[in-house]
Amino acid sequence: MLPTLRQLQYLRLLAEHASFSRAAEAAHVSQPALSAGVQELERILGAPVVERTRGNVQLTAVGAEAVRRAEDVLARTEDLVEAARNAGKPLSGRFRLGVIPTVAPFLLPARLPALKEQYPSLRLFIREDLTPRLVAALKTGHLDAAVIALPYSATGIEHARIGDDEILAAAPVGHVLAGDGPIPPGSLKAEDLILLEDGHCLRDQALAAFDIEAPKGDDVFAATSLHTLVQMVSSGLGVSFLPEMAVRAGLADMPGVVVRPIAAKAPRREIVVAWRAGSSRAAEAKLLAEALRLD
């Protein structure tokens, strides 16, 4: 005998909620029904998948491996159902799209109206999050595609290009780097920088482009968003990096901020639509990349 999809769904929900009652509620079944399904799965596998203690549920090693494999099976099955429902109708029905925070507020408002006009049956559900969590959601089938920035290394992920986005420097008025023209090589120092908090790919891409090690210490300011970062630059706290799309959208149009290009080979990030390798919605993700292309 083989496990059923329902049994695998029960196990995935149990891993997510760490509670039989909450997992049953999420599955819209009774707790005894979910418990029976998990017990039948254990009988089929020939090993326990959870350790049951009062008030706590923990996966066994077999259970953790079963969840990992079940996520792939369930994601592909959900892809199959969605593809069948929308056969012959590209970008229609539900489409779950992730977008990184340094792209979402600058790209989507400009592109979504035309996208909705071109694909009126599309029901777009957008999730804004950091790249590692978006990639993880792609692999587990919780997202159909995600707009991320390269370079970023991730196995099992394919992508289609939206366009390039130059990385610019932002300095306070009166700062030594707030003059005219491109910033000369070697002018940026780690001690002058204020950056996005760790986990934002823009932070890592900018630092790598200049071969600068991130500032360290408890007194280092780390912004949670580009809007906060610009305000800190305006207040004279230091120099930072901004994506060109944010500058074009007017993010740096405030007193006290000077935006300058960076000399020689200007660093750029490549904006792409990414999806799980083998996804049945790959063709739709490519259409989405075309619709979101940068000018």
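Cut-offs used in this document
Residues numbered from 1 in each chain as written. Predicted model: local features only at pLDDT ≥ 70, side-chain atom pairs only at ≥ 80, totals over all residues. Heavy atoms only, no water. Axes fitted to C-alpha atoms, helices over the stretch in contact; angles between N-to-C directions. Helix = DSSP H or I, 4+ residues; strand = E, 2+ residues; numbered from the N terminus. Parallel < 35°, antiparallel > 145°, perpendicular 65-115°, else oblique. Contact = heavy atoms within 4.5 Å. Nonpolar A, V, L, I, M, F, W, Y, C, P; charged D, E, K, R; others polar. Core = buried A, V, L, I, M, F, W, Y, C linked by side-chain atoms within 4.5 Å. Buried < 20%, exposed > 50% of the residue type's maximum accessible area, 1.4 Å probe, protein only. Polar contact = N/O pair within 3.5 Å; in protein donor to acceptor, adjacent residues only side chain to side chain.

**Description of the packing of helix α1 (residues 5–17) against helix α3 (residues 31–45)**
For any two helices packed against each other, the geometry comes down to the angle between their axes and how far apart the axes lie. It is at 9 Å that the axes of α1 and α3 come closest, and there the two elements cross at 110°. In terms of axis orientation, α1 runs roughly perpendicular to α3. In contact with Gln-7, Leu-8, Tyr-10, Leu-11 and Leu-14 of α1, α3 contributes Ala-33, Leu-34, Gly-37, Val-38, Glu-40, Leu-41 and Ile-44. In the contact of α1 with α3, the residues fall into 9 nonpolar, 2 polar and 1 charged.

**Here we look at the nonpolar core**
Ranked by internal contacts, the top residues of the largest apolar core, which has 70 residues, are Val-103, Val-147, Ile-148, Ile-162, Leu-226, Phe-241 and Val-273. By residue number, the principal contributor to this core is strand β6 (residues 157–172), which donates 7 residues. Setting aside residues up to four positions removed in sequence, Ile-162 forms contacts with Leu-107, Val-147, Ile-271, Val-272, Val-273, Ala-289, Leu-292, Arg-293 and Leu-294. By size, the runner-up hydrophobic cluster in this structure holds 19 residues, among which are Ala-23, Ala-24, Leu-41 and Val-50.

**Regarding the side chain of Ser-19**
Along the chain, the position of Ser-19 falls in the loop between α1 and α2 (20–27). A relative accessible area of 11% places Ser-19 in the buried class. Side-chain polar atoms of Ser-19 contact the side chain of Ser-21, separated by 3.0 Å. If we ignore the near neighbours within four places in the chain, the residues touching Ser-19 are Leu-14 and Val-57.

Keep in mind that these numbers describe shape and distance, not what the molecule does.
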